[in-house]
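Here's the letter readout for the chains.
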Amino acid sequence: MATSTTAPDADRREPQAGSPARRPARRPRGPRRSLLPYLLLVPAIVLELAIHVIPMVVGVWMSLLELTQFHIRDWSTAPFIGLENYRATLDLNSAAGKELLHSFWVTLAYSLLSVGFAWLLGISAAVVLQKPFRGRAILRALFLTPYALPVYAAVITWSFLLQRDTGLVNHVLVDQLGLLNERPFWLIGDNSFWSLLVVSVWRNWPFAFLCLMAGLQNVPGELYEAAAIDGAGFWRRLRSVTLPMLRPVNLVLLLVLFLWTFNDFNTPYVLFGGSAPEQADLISIHIYRSSFKTWDFGSGSAMSVALLLFLLIVSAAYLLITNRRRDDHA
Amino acid sequence: MSRRHLGIFTAAVLAAASLTACGGSGDDSAAAPKTLTYWASNQGASLEADKTTLQPELDKFEKQTGIKVTVEVVPWSDLLNRLLAAAASGKGPDVVNIGNTWSASLQATGALVEFDDAALQAVGGKDRIVPAALAAAGAPGKPPAAVPLYSMAYSLYYNKKAFADAGITAPPTTWEQLAEYGKKLSTGGKWGLAIEGANPSENAHHAFTFSQQYGGEWFDSAGKPTFDTPQNVSAIKRYIDFMAADKITNPSNAEYAQNQSVSDFANGKAAMLLWQSAGSNLKTQNMPADAYGVAPVPFLASPPAGGKKVNSMVAGINMAVFKHTKNKDGALSFVKFMTSDEEQTILNKTYGSLPAVKTAASDPAFSATEQKTIQETLATTAAPLPQVPEESTFETLVGTAMKELFADAASGKPVTEESVKAKLTDAQQKMR
């Protein structure tokens, strides 16, 4: 494969007297020339090792150690305890295991709902803004604002809005509209899950909108014209033209959004601080608390590895199923 | 090697070299012998206010020793994480402030310089330091891992006008009285007692004091957690009941974690507050010193068997030196400077805390009611939190359990002995 990069014409040419072709550099190229592609790959391999592979191996190794504050300064001296961290954190009869399972379900519900709503809003906005009209550019820019804002600034503003006594949300709901008699809590208790979901959807839907809008640019206008001639209405065109043509974009978009949301740390951390209410205790916060608040880095690593495996399996299954469907359609 | 190959090889070497160069850029300031970096904890009204307070003193130190100190004021919410990161990586500042309750936990990392007799001598000698403060500077039986800088204790702050309007003539001395007065004061949108219900550290401090009064302990003599004992359950329930049963605390306090309870007290929305050295904070919020009274934290009217006469933790801020410093002598001389009589007087006066050295404590600046109360408490009825390596974990687990109990109370869910015990059992099981 590597030898195919040599230029075959160069060897067929007749060497001329006194020309540079007589020098050794113009000899037929063999194994030395084949090193080039590998050398070109070296920076990528070094970076990949440094950024992904080595930290991942270190993370797996840490999950097998009793790594607490006693050994954090030189973690290689921490006692090796095998799978004990996995047993302790994944044992569903223990308090830690039950809490982890609870966090898992909360995170799964949060991710599915957040991705679902973000996608719905994104596709609705993209379809509405597909046709040119006055003010479309302004609306586009406006819709993208949540995505452009720094996470911290945006989420901390939400936390102010959602305060029980002084927040704008309760002021509007209770004082101005009179929809509720009592001021509900949004940042603690049962409502905290829904607050987190709203903030997450608000942050994520512009990304879905952006991707879907870009995807819609590639749908040929003739398809809509043909559909219109066949008498297809708006919903039929959406179902039979738009969505099938957006399929490749959706496949990637939904997977990426799901993975981001499932691992989301910034939104709950800024909204609730390091100890989120149990109703909104996402797995990322849970792992953070184990590692950095209770200084049990071994357990934190074990949970991270388990989470990574879960997400790998989900991603692989998702890609397998969607690819198979695509093959079936082909 | 052909010229082309040589070019590629050179490019690869340069790329690799640039990568390693990125990783190698360290903290140059620490390498220079005449500079120090210092992480100061946030003591005043804001990070900027602290910097303004500290900078003239640091300039004074530079003038005296030629050592320039670069200060960064770190908010409390970030401090422990950043200290841990510095301890783990061996990179970071030379001198730091630590909350004194974390002393044993941070000492266990092995990253802090231990103040043996020689090191204590280098910073002015052991005998200068207030003994209670020194007891909260490291694990028992080991040299301290830090030197006390500011001393504090919890006191009961009460609004004089609110008390007078309700016909109350003296601050409560028992929790029963506090609940009774609180009910009288909880009218017209105002509340009896302000609580920082969503702040795990704050909750854990009260967990300690109440537990002591009920005869409980959070760790046994072997250092094993004893979270869900009947004494601790009663203690936690008593504290949560100010909101759940007595209803003298605004349910909104269940989401307070940014010192909003101090603001509520300063603004007259709450008539009582349990806090450490709140005076300087209240002053910045325009509450004049004569508008509030300061009294010792109450006790139980009839303590159960084993109940101790403890009404505060030994609170305070310590100064520690990282072992990774390249200027240990300079760091120790900075600690000595900050704990000198002159600096202790200046800084503690500004922050409303007490000097951690005996020689400065007699200064008239510390004779106001607030300081006298703190002094009295520290001398007679304060006890240090358990100096065990798992202390910071205790703060997180028990403090968070209490945050959840407050959330239940605020939303009207019952808080019972069983629900308190279940939370504490869960917290205990999570200790490794």
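Quantities reported herein were computed from a predicted structural model and do not represent experimental measurements.

Quick notes on the rules
- Residues numbered from 1 in each chain as written.
- Chains lettered and ligands numbered in written order.
- Predicted model: local features only at pLDDT ≥ 70, side-chain atom pairs only at ≥ 80, totals over all residues.
- Heavy atoms only, no water.
- Phe/Tyr/Trp six-rings, centres within 6.5 Å; stacked < 30°, edge-to-face > 60°.
- Helix = DSSP H or I, 4+ residues; strand = E, 2+ residues; numbered from the N terminus.
- Buried < 20%, exposed > 50% of the residue type's maximum accessible area, 1.4 Å probe, protein only.
- Contact = heavy atoms within 4.5 Å.
- 1 Å grid on protein atoms, 1.4 Å probe; cavity = no way out; pocket = protein on both sides within 12 Å on 5 of 7 lines; lining within 4 Å.
- Points joined across faces, edges and corners; volume = space filled by probe spheres on them.
- Nonpolar A, V, L, I, M, F, W, Y, C, P; charged D, E, K, R; others polar.
- Pairing = 2+ DSSP bridges.
- Buried area = accessible area lost by both parts, 1.4 Å probe.
- Salt bridge = Lys/Arg side-chain N within 4 Å of Asp/Glu carboxyl O.
- Polar contact = N/O pair within 3.5 Å; in protein donor to acceptor, adjacent residues only side chain to side chain.

Draft legend 1. Up close: the packing of aromatic side chains. Residues and elements named next belong to chain B. Following the criterion strictly, the structure yields 39 aromatic pairs over all chains and no others. Between the aromatic rings of F210 and Y239, the centroid separation amounts to 5.3 Å while the plane-to-plane angle is 45°, which identifies the pairing as tilted. Here F210, found in helix α10 (residues 200-213), pairs with Y239, found in helix α11 (residues 230-244); they are 29 residues apart in sequence, far enough to count as distant. F210 gets classed as buried once you look at its relative accessible area, which sits at 2%. Judged by relative accessible area, Y239 falls into the buried class, the value being 2%.

Draft legend 2. Up close: helix α9 (residues 175-185) of chain B. Along α9(B), the residues that are buried comprise B:W175, B:L178, B:A179, B:Y181, B:G182 and B:L185. In this structure, the buried side of α9(B) is in contact with β5 (154-159), α8 (160-165), β6 (191-194), α10, α11 and β7 (270-276) of chain B.

Draft legend 3. Up close: empty space enclosed by the protein. Tallied over the entire structure, the rule returns six cavities of 30 Å³ or more. Estimates place the volume of the largest cavity at around 80 Å³. For the lining of the largest cavity, a count of residues per class yields three nonpolar, three polar and four charged.

Draft legend 4. Expanded view of the sheet that holds strand β2 (residues 68-74) of chain B. Residues and elements named next belong to chain B. Here six strands make up an open sheet; going across it, the order is β2-β1-β3-β10-β4-β11 and the pairing mixed. Two strands close off the open sheet at either side, each with one partner strand: β2 and β11 (354-355). Note that strand β3 (residues 95-99) and strand β10 (residues 315-321) share five bridges and pair antiparallel. When the bridges of β10 are listed, I98 appears paired with N318.

Draft legend 5. Representation of the interface of chain A and chain B. Tallying the contact residues gives 40 residues for chain A and 42 residues for chain B. Taken over both partners, the interface formed by chain A and chain B buries close to 3600 Å², and the fraction arising from carbon and sulfur atoms is 55%. For the pair chain A and chain B, the interface holds three salt bridges. Seen at the junction of chain A and chain B, the total is 13 residue pairs in polar contact (both at pLDDT 80 or more). Secondary-structure elements contributing two or more residues to the side of chain A that touches chain B are α2 (35-62), α3 (84-90), α4 (95-128), α12 (283-293) and α13 (297-329) of chain A. Each residue belonging to the side of chain A that touches chain B can be placed in one class, and the counts come to 19 nonpolar, nine polar and 12 charged.

Scope: geometric values only; no functional claims are made or implied.
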